[in-house]
Amino acid sequence: FVKYTTKIIKQHSSIREDTVKLLIKLQDNHEIETVVIKHRNHTTVCVSSQIGCQMGCRFCATGTMGIIGDLTSAEILEQLYHANAVSKIRNVVFMGMGEPLQNYENVKNAVLFMIDNQRYALSPRHVTVSTVGVVKNMYRLTEDIPAINLALSLHAPNQQTRLKIVPTASAHKIDKLMAAIDNHIKRNSEVIPSHRLRINNNNINKSPIYKSLKTNGVMIEYILIHNINDLEEHAHELGKLLSIRRDYILLNLIPYNPTDVAEDYYPPTKEAVLRFSEICRSEPYNIHTRVRQEMGQDIAGACGQLALVNKQKSNDIISYDIEDYPNSNHNKDINNKVKKADDSNSIAHSRLYITVLTLLLPTIAIVLYSIKPNR
């Protein structure tokens, strides 16, 4: 019998010590990553819901791993347990490895455990489930646990642009995503019965507690990628899409973090981020917009960077725990190593030439002296 089925095998802290990344080994020896983010007045844990991810978002390192399997509700909850050992957790965000709504039942059960008053007793408003857009389960989540926060990884203002960076967009079109968002907003704009909470060890509350959830809306996540979706025209198009919902949404702009992916993506310029944000905030859109302060880049713990990258073999050979993924960065590493080998050979040859020349110099000098012309 063991109390917990998972254990921390590595722990990395950022230079500023505001972010801690935990490498956690599961009972079947697979590994996942969890990130603890320390803010001024509270601490958030970013939990994983799957081993890898099959959504394949082209800017996300986790997507390069493919899908290995779902985490159990216990494995999700144990991430919160381990995180609490680092710092007292107030907020939980399902934004780690995996697509939470593809592991619906385990994620739902873990959330219900977290917000149970006799268990972790987290406020439902401090729990956020993020999705790239599994529409059917967005409706289920709204119905089953309407009190928690929903975040949609949108990343583009139109279907054509979204298809370039989110392959699953072909199955979940933007109009369907917006309909699911509107449903969540409508449900949370009503006075509704809260989830039933255990009030002691023996009794379950039989009378629903009614709460107004008018302040509980939806977060729209938008990765800004240089010259892909960060242009002014994209900002105006996004503003038009979201402005009719502006009273209920928060637009979270996330500058792209450099990751080991096949595409040659780059972070946006500071000027582009500010301009994009300004357009969305201003008339006629007036969308509540914020730019995420990225934390944990130096330990590959920022948004889109979780892919077990700290697991490197010796001899400077890059190897992923799940599978090697051929991409431009990997090819650059190989080319660099080949170039280093060529440079080493050149240096060795140069040293040989110098040695030979040094040995021959006295002989050359004698020969030259012997043929010195008479004056």
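Conventions adopted
- Residues numbered from 1 in each chain as written.
- Predicted model: local features only at pLDDT ≥ 70, side-chain atom pairs only at ≥ 80, totals over all residues.
- Heavy atoms only, no water.
- Helix = DSSP H or I, 4+ residues; strand = E, 2+ residues; numbered from the N terminus.
- Buried < 20%, exposed > 50% of the residue type's maximum accessible area, 1.4 Å probe, protein only.
- Contact = heavy atoms within 4.5 Å.
- Areas by Shrake-Rupley, 256 points an atom, 1.4 Å probe, with all protein chains shown as cover.
- Pairing = 2+ DSSP bridges.
- Polar contact = N/O pair within 3.5 Å; in protein donor to acceptor, adjacent residues only side chain to side chain.
- Phe/Tyr/Trp six-rings, centres within 6.5 Å; stacked < 30°, edge-to-face > 60°.
- Lys, Arg positive; Asp, Glu negative; His and termini not counted.
- Salt bridge = Lys/Arg side-chain N within 4 Å of Asp/Glu carboxyl O.
- Right-handed = clockwise from strand over helix to strand, strands pointing away.
- Axes fitted to C-alpha atoms, helices over the stretch in contact; angles between N-to-C directions.

Participant: Help me out: how do you make sense of the overall build of the chain in this one?
Facilitator: Within the chain, the regular secondary structure consists of 8 helices and 14 strands. Across the 375 residues of the chain, 47% fall into the buried class. In the chain, the proportion of contacts linking residues at least 24 apart, taken out of those at least 6 apart, comes to 66%. Accessible surface, the chain as shown: approximately 19700 Å² in total, 52% of it carbon and sulfur.

Participant: Help me understand the pairing of strand β4 (residues 43-46), please; the structure alone is not making it clear to me.
Facilitator: Where a strand is regular, its side chains alternate between the two sheet faces. Here β4 shows no split at all, with T43 and V45 on one side and T44 and C46 on the other all buried. Connecting the antiparallel pair strand β3 (residues 31-38) and β4 is a turn made up of 4 residues. In this structure, β4 lies alongside strand β7 (residues 91-94), joined through 3 bridges in parallel fashion. Considered in β7, the bridge of T44 is made with N91.

Participant: For this particular structure, what's the right way to read unusual backbone geometry?
Facilitator: A negative phi holds for most residues other than glycine; trans holds for most peptide bonds. Residues E283 and P284 are joined by a peptide bond in cis, for which omega reads 5°. In this fold, P284 is placed in the loop between α7 (270-281) and β14 (289-291). Positive phi, close to 55°, is recorded for A121, a residue that is not glycine. By the element assignment, A121 lies in the loop between α2 (104-114) and β8 (127-131). Look at H155: it is not a glycine, yet its phi comes out positive at around 70°. Along the chain, H155 falls in the loop between β9 (149-153) and α4 (159-165). In this structure H155 comes out as buried when scored by relative accessible area, which is 4%.

Participant: For this particular structure, what's the right way to read the side chain of S14?
Facilitator: Looking at the secondary structure, you find S14 in the loop between β1 (7-13) and β2 (19-25). A polar side-chain atom of S14 sits 2.9 Å from a polar atom in the side chain of D18.

Participant: What is the right way to look at the packing of aromatic side chains in this model?
Facilitator: Here a ring pair, both rings aromatic, is described through the centre-centre distance and the interplanar angle of the planes. Inspection of every chain in the model, using the stated rule, returns 4 aromatic pairs. Seen from their ring centres, Y4 and Y81 are 3.9 Å apart, and the 20° between their planes marks the pair as stacked. Taken as a pair, Y4 in the segment before β1 and Y81 in helix α1 (residues 73-86) lie far apart in primary sequence, 77 residues in all. You can call Y4 partly exposed: its relative accessible area is 29%.

Participant: Would you mind showing me how to read the side chain of R162 here?
Facilitator: By the secondary structure assignment, R162 is in helix α4. Buried within the structure, R162 lacks any salt-bridge partner; E99 is the closest side chain of opposite charge, at an N-O distance of 8.1 Å. In this view, R162 contacts V132, S153, L154, A156, A169, H172, I174 and L177; residues no more than four positions away in its chain are not counted.

Participant: What should I look at first to understand the pairing of strand β12 (residues 218-224) in this one?
Facilitator: Where burial is concerned, most of β12 is hidden: 7 out of the 7 residues are buried. Burial along β12 is two-sided: the face carrying V218, I220, Y222 and L224 and the face carrying M219, E221 and I223 are both buried. Judged from the 4 bridges that link them, β9 and β12 form a sheet pairing that is parallel. Along β12, the bridge assignment pairs A151 with M219. Relative to strand β13 (residues 249-255), β12 runs parallel, the two being bridged by 7 bridges. Its bridge partner being in β13, I220 is matched across the sheet by L251. With respect to chirality, the unit in which β12 leads through helix α6 (residues 232-242) into the neighbouring parallel β13 is right-handed.

Participant: In this structure, what is going on with the sheet that holds β13? I would like to understand it.
Facilitator: Each strand in a sheet pairs with its neighbour through backbone hydrogen bonds, running either in the same direction (parallel) or in the opposite one (antiparallel). Pairing within the open sheet is mixed, and its 10 strands lie in the order β1-β2-β3-β4-β7-β8-β9-β12-β13-β14. This sheet does not close on itself; its edge strands, each paired only once, are β1 and β14. Adjacent strand axes in the sheet meet at a mean angle of 20° when their direction is disregarded.

Participant: Is there a simple way to explain the pattern of salt bridges in this structure?
Facilitator: Between side chains of opposite charge, a pair can form when the charged atoms approach closely. Taken as a whole, this structure holds 9 salt bridges when the rule is applied. R16 is the salt-bridge partner of D18, the closest N and O atoms lying 3.2 Å from each other. Note on D18: relative accessible area 13%, which makes it buried. Put simply, D182 and R245 hold a salt bridge, and the shortest N to O gap is 2.5 Å. Of this pair, D182 sits in helix α5 (residues 174-188) while R245 sits in the loop between α6 and β13, placing them 63 residues apart in sequence. A relative accessible area of 31% means that D182 is categorised as partly exposed.

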